[in-house]
Amino acid sequence: PRKIIIDTDPGQDDAVAILLALASPEDLNVLGIVAVAGNVGLAQNAENALKIVELSGRTDIPVYAGCARPMRRPLVTAEHVHGETGLNGPDLPSPTIALEDQHGVDFIIETLRQEEPESVTLCTLGPLTNIAMALVKAPDIASRIAEIVMMGGAYFEVGNITPAAEFNIFVDPEAADIVMRCGAPLTLLPLDATHQVLTTRPRLDALAAIGNAAGAAVASMLEFSERFDLEKYQSQGAPLHDPTVIAYLLQPEIFSGRLCNVEIELASELTRGMTVADYWHVTDRHKNVTFMRSADAEAFYCLLIEKLKKLP
Ligand code: BDR
Ligand code: CA
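Residues numbered from 1 in each chain as written. Chains lettered and ligands numbered in written order. Predicted model: local features only at pLDDT ≥ 70, side-chain atom pairs only at ≥ 80, totals over all residues.

Per an unreviewed UniProt entry, the recorded name for the chain is Inosine/uridine-preferring nucleoside hydrolase domain-containing protein, and the organism is Devosia pacifica.

Below you can see the structure in the form of structure tokens.
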């Protein structure tokens, strides 16, 4: 199985991504989960991560807390989307497992140094603060990363927190800029892809009908996140963002896109955090990111439901 670290700010959609990964031990070896500030503050996100690990029954997975705020900017959160706990919807019990003592950034550095070069993939579901801090603290790790697969950004679909920017990149654009330039293979699952895997009524019903605790929790989480997005987008269902990262690792053929230059806007207040993607190769700037523009929604939900069936 492929070794991965999940860096996350759970978040209902982060929670579904974590469950999908933990339900796939034959393909994915989750070395650890690291929380970052994003949807809500760090302490709450870290507690949410523990709750999800517990729900999955995989209490052997270590959970770490990383950075409590972005590199340069004050933290912007998204309670308006995720609820005041970040994980509103199901009533999950308080975790019985505890956070590891080690700082999440040090866990990332130590793991990349200890494991074989290019054997560990970083999966990021939130702002890129922890990954950028690890790269700043230990530049030697860049060449040891197998791949960084990120949910973030948008190009044709533009923004969801401002007209120009997607939330994860907007919250810590300086961190995103460091990651985009780090030299490791990068894959981006932007809003362009995530807005194609909509949580329609039949799909929510199918998740609820799985019949286990994980399926019931996922259905209830996604019902909660729908309330905001359905009104906002007037669509048949809300976009499902972070699980695309894990689905990409399990079945890359669900997604299509191309290698192109992606850079982050840092200077403009109006377009701060915009992921400027040279999708049509109109410049000869370095092609640093595989930018996934579309997704096969039927195949995606088929995979999600099949895997969640394996959980308690
Ligand atoms: C991203 O922002 C967060 O609110 C979601 O969890 C997802 O990672 C979507 O823009
Ligand atoms: Ca997230």
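J.: For the sheet that holds strand E2 (residues 28-35), give the residues involved together with the corresponding values.
T.: Across a sheet, paired strands are connected by hydrogen bonds in the backbone, their directions being either parallel or antiparallel. Taken together, 8 strands build an open sheet; the order of strands is E3-E2-E1-E4-E5-E6-E12-E9 and the sheet is mixed. Taken across any chain shown, the strands that pair with only one partner, and hence form the sheet edges, are strand E3 (63-65) and strand E9 (255-260). Between one strand axis and the next, the sheet turns through 25 degrees on average, direction left out of account. As paired strands, E9 and strand E12 (residues 289-295) are joined by 6 bridges and run antiparallel to one another. If you follow cysteine 260 over to E12, its bridge partner there is valine 289. Taken strand by strand, helix H4 (residues 104-114) contacts strand E1 (2-8), E2, E3, strand E4 (120-124) and strand E5 (145-151), and its axis lies near 150 degrees from that of E2. (Pairing = 2+ DSSP bridges. Helix = DSSP H or I, 4+ residues; strand = E, 2+ residues; numbered from the N terminus. Axes fitted to C-alpha atoms, helices over the stretch in contact; angles between N-to-C directions. Contact = placed C-beta atoms within 7 Å.)

J.: Help me get a handle on helix H10 (residues 213-233), residues and values and all.
T.: Spanning 21 residues, H10 covers 30 Å between terminal C-alpha atoms, matching the ideal 30 Å at 1.5 Å per step. Approximately 35 degrees is the largest bend angle found in H10, and it occurs at glutamate 226. Buried within H10 we find Ala214, Ala217, Val218, Ala219, Met221, Leu222, Ser225 and Glu226. The first or second residue beyond H10 is glutamine 234, which carries a positive phi of 50 degrees. (Expected span 1.5 Å × (residues − 1). Bend = angle between axes of the 7 residues up to and from the residue. Buried ≥ 20, exposed ≤ 12 C-beta atoms within 10 Å, placed from the backbone.)

J.: For the confidence of the model for the chain, give the residues involved together with the corresponding values.
T.: On average, residues of the chain score 97 in pLDDT, and 100% of them reach the 70 mark or higher. Listed scores for the predicted complex are pTM 0.98 and ipTM 0.99. (pLDDT = per-residue confidence, 0-100.)

J.: I'd like to hear about the UniProt feature "domain: Inosine/uridine-preferring nucleoside hydrolase" (unreviewed entry) in the chain, residue by residue, with values.
T.: When the UniProt feature table is mapped onto this chain, "domain: Inosine/uridine-preferring nucleoside hydrolase" (unreviewed entry) is found at residues 4-301. With 37% helix and 18% strand, the stretch residues 4-301 has end C-alpha atoms that lie 22 Å from each other. (UniProt positions renumbered as here; feature names shortened; annotations may be inferred.)

J.: So what about the site of ligand 1? Which residues, and what values?
T.: Lining the immediate surroundings of ligand 1 are 15 residues, of which Gly11, Asp13, Ala78, Phe167 and His241 lie closest. Those elements giving two or more residues to the shell around ligand 1 turn out to be helix H1 (12-22) and helix H6 (167-171). Grouping the constituent residues of the shell around ligand 1 by class yields 5 nonpolar, 6 polar and 4 charged. (Near = placed C-beta within 6 Å. Nonpolar A, V, L, I, M, F, W, Y, C, P; charged D, E, K, R; others polar.)

J.: Got a sec to walk through unusual backbone geometry? Specific residues and values, please.
T.: When glycine is set aside, most residues are seen to have a negative phi, and most peptide bonds are trans. Residue glycine 11 is reached from proline 10 by a cis peptide bond, and omega for that bond is 0 degrees. On the secondary structure map, glycine 11 appears in the loop between E1 and H1. The phi dihedral of valine 158 is positive, around 40 degrees, even though this residue is not glycine. Relative to the helices and strands, valine 158 resides in the loop between E5 and H6. Judged by the 17 C-beta atoms lying within 10 Å of it, valine 158 is partly exposed.

J.: I'd like a rundown of the pairing of E2, residues and numbers included.
T.: Here 7 bridges tie E1 to E2, and the two strands are oriented parallel to one another. Bridge assignment links isoleucine 4 to a residue of E2, and that residue is valine 30. Taking the sense of rotation as the criterion, the β-α-β connection linking E1, H1 and E2 turns out right-handed. Of the strand pairs in this sheet, E2 and E3 are connected by 3 bridges, and their pairing is parallel. Across the sheet, isoleucine 33 pairs through a bridge with valine 63, a residue of E3. With helix H2 (residues 42-56) bridging E2 and its parallel neighbour E3, the resulting β-α-β unit is right-handed. (Right-handed = clockwise from strand over helix to strand, strands pointing away.)

J.: Describe the environment of glutamate 174, listing the residues and the values that go with them.
T.: For glutamate 174, the position within the fold is in helix H7 (residues 173-180). Owing to 17 C-beta atoms within 10 Å, glutamate 174 belongs among the partly exposed residues under this scheme. C-alpha separation for the pair glutamate 174 and threonine 85, spaced 89 residues apart in sequence, amounts to 26 Å. Once residues lying within four places of it in the same chain are set aside, the contact partners of glutamate 174 are Met71, Arg72 and Leu266.

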